[in-house]
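What the coordinates show
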Amino acid sequence: QVQLVESGGGLVQAGGSLKLSCQASGSIVHINNMGWYRQAPGKQSELVAKITSDGSTNYADSVKGRFTISRDNNKKTTSLQMNSLKPEDTAKYYCYVDWILTFDQARGTKKEFDTWGQGTQVTVSS
């Protein structure tokens, strides 16, 4: 029922900026921790940034000072503002939520765990 959809990826020159967005949908009453992961071909997935349900943030050292994660609980979105992009930032970026509380009359209240978006490609050229 719960779905995450990323948008905003693209091709940008080194030093440029992109803003990624992630929209959650479904019978959602609460979204817990949200984060952005990235994975380049042949490499392990890495956590880029996370934001808790109350707005606390954490960043990978490699993006600290360049990326900013935010969330809008009313819109059920999280965004990742990426500035001063480097070629090593090139990867597919995935939105992730550890758990989401849902409610509908048919199913009642449920927690859905480990929800991932489909990913959006970011390519930074030198």
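Preceding block: the structure.
Quick caveat: nothing in here was measured; it's all calculated off a predicted structure. (Residues numbered from 1 in each chain as written. Predicted model: local features only at pLDDT ≥ 70, side-chain atom pairs only at ≥ 80, totals over all residues. Heavy atoms only, no water.)

So, the packing of aromatic side chains
The cut-off we apply is this: Side-chain rings of Phe, Tyr and Trp, where Trp is taken by its six-membered ring, are said to pair if the distance between their centres is within 6.5 Å; with planes under 30 degrees apart they count as stacked, over 60 as edge-to-face, and otherwise as tilted. Each helix corresponds to a stretch of at least 4 residues labelled H or I by DSSP, and each strand to a stretch of at least 2 residues labelled E; elements are numbered beginning at the N terminus. A 1.4 Å probe rolled over the protein chains alone gives each residue an accessible area, and that area as a share of the maximum for its type sets the label: buried under 20%, exposed over 50%, partly exposed in between.
Enumeration over the complete set of coordinates arrives at three aromatic pairs. Relative to Tyr96, the ring of Tyr37 has its centre 5.6 Å away and its plane inclined at 85 degrees; by these criteria the two rings are edge-to-face. On the criterion of sequence distance, the pair formed by Tyr37 in strand β5 (residues 34-39) and Tyr96 in strand β10 (residues 91-104) is long-range, its members being 59 residues apart. In this structure Tyr96 comes out as buried when scored by relative accessible area, which is 14%.

A word on the nonpolar core
Heads up, the rule is: Joining through side-chain atoms within 4.5 Å is the link that ties buried Ala, Val, Leu, Ile, Met, Phe, Trp, Tyr and Cys residues into a set, and such a set is a nonpolar core.
Of all hydrophobic cores here, the largest spans 30 residues; its most connected members are Trp36, Phe67, Leu80, Met82 and Tyr93. Top element by residues in this core is β10. It accounts for five residues.

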